[in-house]
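Here is what each chain is made of, one letter per residue.
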Amino acid sequence: MTTTPEQTDATRDGRTALVELDDVSKYYGNIRALEGVSLEVHAGEISCVLGDNGAGKSTLIKIIAGLHRHDAGAFRIEGEDVSLNNPREALDRGIATVYQDLAVVPLMPVWRNFFLGSEPTRGKGPFKRLDVEKMRATTRAELLRMGIDLRDVDQPIGTLSGGERQCVAIARAVYFGAKVLVLDEPTAALGVKQSGVVLKYVAAARDAGLGVVLITHNPHHAYLVGDRFVLLKRGTMTGSHLRSDITLDELTRQMAGGSELEELSHELQRAPAPGHLGGPSDSE
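Residues numbered from 1 in each chain as written. Predicted model: local features only at pLDDT ≥ 70, side-chain atom pairs only at ≥ 80, totals over all residues. Heavy atoms only, no water.

Novice: Would you take a moment to explain the overall build of the protein for this structure?
Specialist: When its secondary structure is counted, the protein shows 9 helices and 12 strands. Considering only contacts in the protein between residues 6 or more positions apart, those separated by 24 or more positions represent 66%. (Helix = DSSP H or I, 4+ residues; strand = E, 2+ residues; numbered from the N terminus. Contact = heavy atoms within 4.5 Å.)

Novice: Before we go on, may I ask you to explain the packing of helix H4 (residues 132-145) against helix H5 (residues 162-175) in this structure?
Specialist: The geometry of a pair of packed helices is captured by two quantities: the angle between their axes and the separation between those axes. One can describe the packing of H4 onto H5 by two numbers: an axis separation of 9 Å at closest approach and a directional angle of 100°. Here H4 lies roughly perpendicular to H5, going by the angle between them. In contact with Thr-138, Glu-142, Leu-143 and Arg-145 of H4, H5 contributes Val-168, Ala-171, Val-174 and Tyr-175. Within the contact of H4 with H5, the residues separate by chemical class into 5 nonpolar, 1 polar and 2 charged. (Axes fitted to C-alpha atoms, helices over the stretch in contact; angles between N-to-C directions. Parallel < 35°, antiparallel > 145°, perpendicular 65-115°, else oblique. Nonpolar A, V, L, I, M, F, W, Y, C, P; charged D, E, K, R; others polar.)

Novice: I keep staring at the nonpolar core and nothing clicks. Help me out?
Specialist: A general feature of soluble globular proteins is that nonpolar side chains tend to end up buried together. Residues Leu-143 and Leu-181 are the most contacted members of the largest nonpolar core, which totals 45 residues. Looking at which element gives the most residues to this core, the answer is H5, with 7 residues. Excluding its chain neighbours within four sequence positions, the residues that come into contact with Leu-143 are Val-110, Phe-114, Ile-148, Leu-150, Val-153, Val-168 and Ala-171. (Core = buried A, V, L, I, M, F, W, Y, C linked by side-chain atoms within 4.5 Å. Buried < 20%, exposed > 50% of the residue type's maximum accessible area, 1.4 Å probe, protein only.)

Novice: How do you make sense of the packing of aromatic side chains when you look at a structure like this?
Specialist: To describe a pair of aromatic rings, you give the distance between the ring centres and the angle between the ring planes. This model, assessed by the stated rule, comprises 7 aromatic pairs. With centroids separated by 5.8 Å and ring planes inclined at 80°, the aromatic side chains of Phe-115 and Phe-176 adopt a geometry described as edge-to-face. In this pair, Phe-115 is assigned in the loop between helix H3 (110-114) and strand E7 (121-122) and Phe-176 in the loop between H5 and strand E9 (180-184), connecting sequence segments 61 residues apart. The cationic tip of Arg-243 hangs over the ring face of Tyr-223; the distance from NZ or CZ to the ring centre is 4.2 Å. (Phe/Tyr/Trp six-rings, centres within 6.5 Å; stacked < 30°, edge-to-face > 60°. Lys NZ or Arg CZ within 6 Å of the ring centre and 35° of its normal.)

Novice: Sorry if this is basic, but what is going on with the packing of H5 against helix H6 (residues 192-207) here?
Specialist: H6 packs onto H5 with a crossing angle of 10° between their chain directions and a minimal axis gap of 8 Å. Of the possible angle classes, the one that applies to H5 and H6 is roughly parallel. From H5, Gly-162, Gly-163, Gln-166, Cys-167, Ile-170 and Val-174 reach across to H6, where they touch Gln-194, Val-197, Val-198, Tyr-201, Val-202 and Ala-205. Class assignment of the residues belonging to the contact of H5 with H6 gives a composition of 8 nonpolar, 4 polar and no charged.

Structure follows, in structure tokens:
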């Protein structure tokens, strides 16, 4: 069952969505990157955006993160129509985006990456310096609060596993006051075990009251944690569902192309070999 805009009104439970995209479109010249896409992000919920490469997921992220402005439709933050000019405006409004490359400095320690660009200082004038002890203690405490027990926050972040680095990025966004956390394919390059670890911390961010946008091409990962699902294909929205309205099998079928996949399976069936058509042979 596909939900309609009337069924998913952003204030249907008396709550205003933290982020709402209503019939949003984006064009690059004559190229349609997104057309007519709607999405809601509520506090304490995970909204999953699913689609293959070229579906429009990256463009959607860039609009929410303030990198690109939408050309049509409405983009609302806590009920207010906005048109973000840059990522700083998104951050100031509580939208933090964690990209696949994570934007970390591999040789710097975990605590330094945790505060990168927002380092606290102590002292004044010529005696002003980084408050290293505060950064170490805060990083350790915030990671523990999210359930992440690192051996040593002084180790270079490049020595951590991909899953651990994702978890540090999530904890950092929570600490710096994000209301909405946008995660770009956080499990794409991870194995089964590490993917499970990352999804655990995605759920922890949800439980901390954040609204989470999980961008993924994996319906199994999405269904484990998702409350809402938006499916994209070639820049258009092919489905919008609440978790209660769709099963994992149906979500997977729609994600895989549904009827298109069935059509392809018929095309790929092995043709019968000559002389094996199931009827009597010439020698009979």
